[in-house]
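Close look at the chain arrangement
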Amino acid sequence: MADKLVVLQSELVQKTYRPGAYANFTIHEPKRRLISAAPFRDRVVHHALCNLIEPAFDARFIPNSYANRVGKGTHRAIDRLQRWAQQYRYVLRADIVQHFPSLDHAILRAEITRVITDPDILWLVDLILASGAGILRDEYTMVYFPGDDLFAASRPRGLPIGNLTSQFWSNVYMNPLDWFIQRELGCSAYLRYVDDFALFSDSKRALWAWKQAIIERLAGMRLTIHETEAQVTPTHVGIPWLGFVVYPTHRRLKRRNAVNFRRRLEHNIDLYESGQITFAELDASVQGWINHVRYADTWGLRSHIFGSHPVRLHPEPERPPLPRRVRPKRRKKRR
């Protein structure tokens, strides 16, 4: 491993490094996505690059941007949303259409070069960006913005879902929108998680005006929102957010999440009872789900699901005993 790292370091220093091919596969939960996994050596480079440049950008992000940042995360985003739901009467929640497939490389690079000027780092940034160009081409529906010509369709766009750099660069890309909403629109009760964002106010008129301003601002970033779903609603009716429905007083798990887990649990129980997976593997999948949904009022739901899906335990195959280490006898010292 150390030898391979030395070779990789030499390639980066001499600028002979070239990213490998992505391994692509599709997932269907919570919705259909094409995932692109980079080779291991490329993931090492992605981590090294993010470790180097992320602090410079993170200091420029708004505090209430919660995705892929140290000390943030899903559950803190839910906590913040609920606190604002307790303080304000109305909310505007929206999300970006085809977020990762839509991210424009020229716009992203312009944002990066506002902070990073080192030519060696920018060489690596360009290399990684180019390696992902076109991977999500079939996932993107072409949108023409004001001033576009026919060549707009050939603009490089799209960040592979699964790259650490893609998650980080998503925040870089969306950061101008965050500051536009807070500074120019004057909405202090605003938060974002990747491409999902929410604005709070006691004025429905203000939120409707902000929605139109956001649509216009996003057009300059070559992005659109799901306009029909982006409605101003009272906070007391519940806010769909990151797999939950959040109310001022409590939280519920989205029905789709419970249905998907029930199916996955039934499948894993069948695998366990047929001896294809161990109980530890079955338990790990259950504990991961419990750790996520325990942040909502799900005690009754969990009791019902696990009560209706008993597991018939069977003895695990015995592992061969480890060979005993024979210690050499100590020779007595002569006096």
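Everything in this summary refers to the structure shown in the same document. The structure presented is a predicted model; accordingly, all values stated were derived computationally and were not measured.

Turning next to the packing of aromatic side chains. Using the criterion set out here, one finds eight aromatic pairs in the structure. Ring centres of Phe261 and Trp289 lie 3.8 Å apart, and the angle between their planes is 5°; on these two criteria the pair is classed as stacked. One end of the pair, Phe261, is in helix H9 (residues 255-273); the other, Trp289, is in helix H10 (residues 279-293), with 28 residues separating them in the sequence. Seen from their ring centres, Trp289 and Phe306 are 6.3 Å apart, and the 80° between their planes marks the pair as edge-to-face. Taken together, the residues span a long stretch of sequence, with Trp289 in helix H10 and Phe306 in helix H11 (residues 299-307) at a distance of 17 residues. Here Trp289 falls in the buried class, since its relative accessible area comes to 5%. Taking the ring centre of Tyr66 as reference, the NZ or CZ of Lys72 above it sits at 5.3 Å. Sitting over the face of the ring of Phe180, Arg217 holds its NZ or CZ atom 5.8 Å from the ring centroid.

Attention now goes to the packing of helix H1 (residues 2-14) against helix H2 (residues 40-58). How two helices pack is summed up by the angle between their axes together with the distance between the axes. H2 packs onto H1 with a crossing angle of 60° between their chain directions and a minimal axis gap of 11 Å. Taken together, the axes of H1 and H2 lie oblique to each other. Considering how the two elements wind past one another, H1 and H2 form a crossing that is right-handed. Residue-level inspection shows Leu5, Leu8, Glu11 and Leu12 of H1 in contact with H2, the latter providing Arg41, Val44 and Val45. Residues belonging to the contact of H1 with H2 are distributed by class as follows: five nonpolar, no polar and two charged.

Residue Gln98 is not a glycine yet carries a positive backbone phi of 45°. Within the chain, Val194 stands out as a residue other than glycine whose phi angle is a positive 55°. Mapping Val194 onto the fold places it in the loop between strand E4 (190-193) and strand E5 (196-201).

To continue, consider the sheet that holds strand E7 (residues 239-241). Strand order across the open sheet formed by three strands is E7-E8-E9, with antiparallel pairing between neighbours. Strands at the two margins of the open sheet, each flanked by one partner only, are E7 and strand E9 (251-253). This sheet shows a mean twist of 30° between the axes of neighbouring strands, independent of strand direction. In the sheet, strand E8 (residues 244-246) pairs with E9 via three bridges, with the strands oriented antiparallel. Residue pairing for E9: Val245 is matched across the bridge by Arg252. Helix H3 (residues 74-87) rests against E7, E8 and E9 of the sheet, and its axis sits at about 165° to E7.

Here we take up the nonpolar core. Formed by 91 residues in total, the largest nonpolar core has its most connected members in Trp169, Leu177, Leu199, Phe200 and Trp241. Aside from chain neighbours lying at most four places away, what touches Trp169 is Leu49, Ile53, Leu108, Ile112, Val125, Ile128, Leu129 and Leu159.

This paragraph deals with the packing of H10 against H11. Viewed as axis vectors pointing N to C, H10 and H11 meet at an angle of 160°, and their least axial separation amounts to 11 Å. Taken together, H10 and H11 sit at an angle that is classed as roughly antiparallel. Where H10 crosses over H11, the handedness of that crossing is right-handed. Residue-level contacts link Val286, Trp289, Ile290 and Val293 of H10 to Leu301, Arg302, Ile305 and Phe306 of H11. For the contact of H10 with H11, the per-class residue count stands at seven nonpolar, no polar and one charged.

Procedures and definitions
- Numbers given to residues run from 1 along each chain, matching the order in which its sequence is written.
- The model is predicted, so local features are restricted to residues of pLDDT at least 70 and side-chain atom pairs to those at 80 or more, both for listing and for counting; the totals for chains, interfaces and linings are taken over all residues.
- Computation of side-chain values covers all heavy atoms of the structure but excludes hydrogens and water.
- Ring pairs are drawn from Phe, Tyr and Trp, using the six-membered ring of Trp, whenever the two centres fall within 6.5 Å, and their geometry is named by plane angle: stacked under 30 degrees, edge-to-face over 60, tilted for the rest.
- Comment: elements are numbered from the N terminus, with helices defined as DSSP H or I runs of at least four residues and strands as E runs of at least two.
- Accessibility here uses a 1.4 Å probe with only protein chains present; expressed as a share of the type maximum, an area under 20% marks a residue as buried, one over 50% as exposed, and anything in between as partly exposed.
- Only lysine NZ and arginine CZ atoms are considered, and such an atom sits over a ring when it is within 6 Å of the ring centre and within 35 degrees of the ring normal.
- Axis definition: a line fitted to C-alpha atoms, limited for helices to the stretch in contact. Angles are taken between N-to-C directions and run from 0 to 180 degrees.
- Any angle between 65 and 115 degrees counts as roughly perpendicular, while under 35 counts as roughly parallel, over 145 as roughly antiparallel, and the rest as oblique.
- In this scheme the crossing of two helices becomes right-handed for a clockwise turn of the near helix relative to the far one and left-handed for an anticlockwise turn of less than a right angle.
- We call two residues in contact when some of their heavy atoms are within 4.5 Å.
- Residues are grouped as follows: Ala, Val, Leu, Ile, Met, Phe, Trp, Tyr, Cys and Pro are nonpolar; Asp, Glu, Lys and Arg are charged; all remaining types, including Gly, are polar.
- When DSSP locates at least two bridges between a pair of strands, those strands are taken to pair.
- Side-chain atoms within 4.5 Å are what join buried Ala, Val, Leu, Ile, Met, Phe, Trp, Tyr and Cys residues into a set we call a nonpolar core.

Bear in mind that shape data such as this cannot, by itself, settle questions of function.
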